[in-house]
Amino acid sequence: MPSLQTALPPELANNAIRLYRECLRRAKYIGSKKYNTEILVGMVRQQFRRHMHETDPEKIQKLKDDAARGLINHMLYESENLSGRKFSKTSS
């Protein structure tokens, strides 16, 4: 299965610290709109800390893909809100 990280800029996708920082930025942004910043930032930090000693390259790649998927989903969501268009199809 191809990596989802190709949808992100390489300087972000290839660097776990930058990916972590971007996830924190998004959590703070979402939290400021929903008034739960501390909870969301805590969740991001908890997930990264839980896996910071991981050494298996395949597991690391999966974790980075999961983080990238979350960022991409949020970017799509924000784009839909700004443009008023739906980019994703929902099954009815």
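Residues numbered from 1 in each chain as written. Predicted model: local features only at pLDDT ≥ 70, side-chain atom pairs only at ≥ 80, totals over all residues. Heavy atoms only, no water.

By the naming in an unreviewed UniProt entry, the protein chain goes by Complex 1 LYR protein domain-containing protein and is assigned to Penstemon smallii.

### Structural notes on the overall build of the protein chain
Regarding its fold elements, the protein chain presents four helices and zero strands. Ordered by position in the sequence, the α and β elements of the protein chain form the string α-α-α-α. Among the 92 residues that make up the protein chain, the fraction classed as buried is 24%. At a minimum sequence separation of 6, the contacts of the protein chain that also span at least 24 residues come to 55%. When the accessible area of the protein chain is evaluated, it comes to approximately 7,200 Å², of which 55% is carbon and sulfur surface. (Helix = DSSP H or I, 4+ residues; strand = E, 2+ residues; numbered from the N terminus. Buried < 20%, exposed > 50% of the residue type's maximum accessible area, 1.4 Å probe, protein only. Contact = heavy atoms within 4.5 Å. Areas by Shrake-Rupley, 256 points an atom, 1.4 Å probe, with all protein chains shown as cover.)

### Brief notes about the pattern of salt bridges
Oppositely charged side chains are able to pair whenever their charged atoms sit close together. Per the counting criterion, the structure on display carries four salt bridges. A salt bridge links E22 to R26, with the nearest nitrogen and oxygen atoms 3.1 Å apart. A residue pair is termed a helical-turn pair when its members lie 3 or 4 positions apart in one helix, as E22 and R26 do in helix α2 (residues 16-34) at four residues. Judged by its relative accessible area of 18%, E22 falls in the buried class. Each of E22, R25 and R26 takes part in a single network of salt bridges with overlapping partners. (Salt bridge = Lys/Arg side-chain N within 4 Å of Asp/Glu carboxyl O.)

### Observations regarding the packing of aromatic side chains
We describe a pair of aromatic rings using the distance from one ring centre to the other and the angle between the two ring planes. Per the counting criterion, the structure on display carries one aromatic pair. Look at Y20 and F48: their rings are 4.8 Å apart centre to centre, the planes differ by 65°, and that puts the pair in the edge-to-face class. Here F48 lies in helix α3 (residues 37-50) and Y20 lies in helix α2, a separation of 28 residues in the sequence. (Phe/Tyr/Trp six-rings, centres within 6.5 Å; stacked < 30°, edge-to-face > 60°.)

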